[in-house]
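Per-entry structural report
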Amino acid sequence: MQSLKCRSVEVGLIRAVLFRPPLARVAGIALCATFLFSAAAALRAADKPDEQTLVGKLIFVPGTGPVLATSNKHVPLVGRNHYIFNTLEDKRLRDDEVRLKGTMRADGNFQVSDLYTIHHGELYRVRYYCETCNIVALAPGRCVCCQQPTELQEIPLNRHDPKILITH
Ligand SMILES: [Zn+2]
């Protein structure tokens, strides 16, 4: 009920912004974006009350698969979808320090919904990119367009310079 109410407020705001004159629209969009962000954050928190963040080293244990080695335990990992799981299994990310968001399942596996790598204390988003086609893929593999292998790229989360990439 709460989320329905929030969504209708968002829709109302978007409509209000669209029908304003251009100058007022810029301020309106900024305001709207701030509001939407906080509303979306509230929705996420409400939808996933047991979501947690784990930091550790992404390792691979034969017979188990991807595992997060934290300071005091080994947590077996599963992905919320196959894109995330395939990324967790990417050999190039092995032994990287990562920050994982997800939920602990009853079977003891941590179900990952978000993955960031950490380099020098900074968070990086992982993506797979085909330079030829300028296509971004969610998981490792071949480009859906030209079938060439995609390139793993890591992009700093808190900077807006698209040139800063760590490529493997
Ligand atoms: Zn391509």
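I will try to describe carefully the structure that is included in this document. (Residues numbered from 1 in each chain as written. Predicted model: local features only at pLDDT ≥ 70, side-chain atom pairs only at ≥ 80, totals over all residues. Heavy atoms only, no water.)

Next up on the list: the coordination of the zinc ion. In ideal tetrahedral geometry, four donors around a metal make angles of 109.5 degrees, whereas ideal octahedral geometry with six donors gives angles of 90 or 180 degrees. Those protein atoms acting as donors to the zinc ion are Cys130 (SG), Cys133 (SG), Cys143 (SG) and Cys146 (SG), and they sit at 2.3 to 2.4 Å. For the zinc ion, the four donor atoms in the first shell make angles of 104 to 115 degrees at the metal, a pattern classed as tetrahedral. Counting the intervening residues between successive donors of the zinc ion yields the motif C-x2-C-x9-C-x2-C. Of the two residues, Cys133 is situated in the loop between strand 6 (122-130) and strand 7 (135-137) and Cys143 in the loop between strand 7 and strand 8 (151-156); the sequence distance between them amounts to ten residues. By relative accessible area, which is 2% here, Cys143 ends up buried. (Donors = N, O, S within 2.8 Å, 3.2 Å for Na, K, Ca; no water. Tetrahedral: all angles 85-135°; square planar, octahedral: opposite > 155°, others 65-115°. Helix = DSSP H or I, 4+ residues; strand = E, 2+ residues; numbered from the N terminus. Buried < 20%, exposed > 50% of the residue type's maximum accessible area, 1.4 Å probe, protein only.)

Further remarks concern the pairing of strand 4 (residues 97-104). Where strand 1 (residues 52-61) meets strand 4, six bridges bridge the pair, whose relative direction is antiparallel. Its bridge partner lying in strand 4, Gln52 is registered against Gly102. Two strands pair when backbone bridges link them, and strand 4 and strand 5 (residues 110-119) are joined in this way by eight bridges, in the antiparallel orientation. If you follow Gly102 over to strand 5, its bridge partner there is Val112. The antiparallel hairpin formed by strand 4 and strand 5 contains five residues in its connecting segment, where Gly108 sits at a positive phi of about 95 degrees. (Pairing = 2+ DSSP bridges.)

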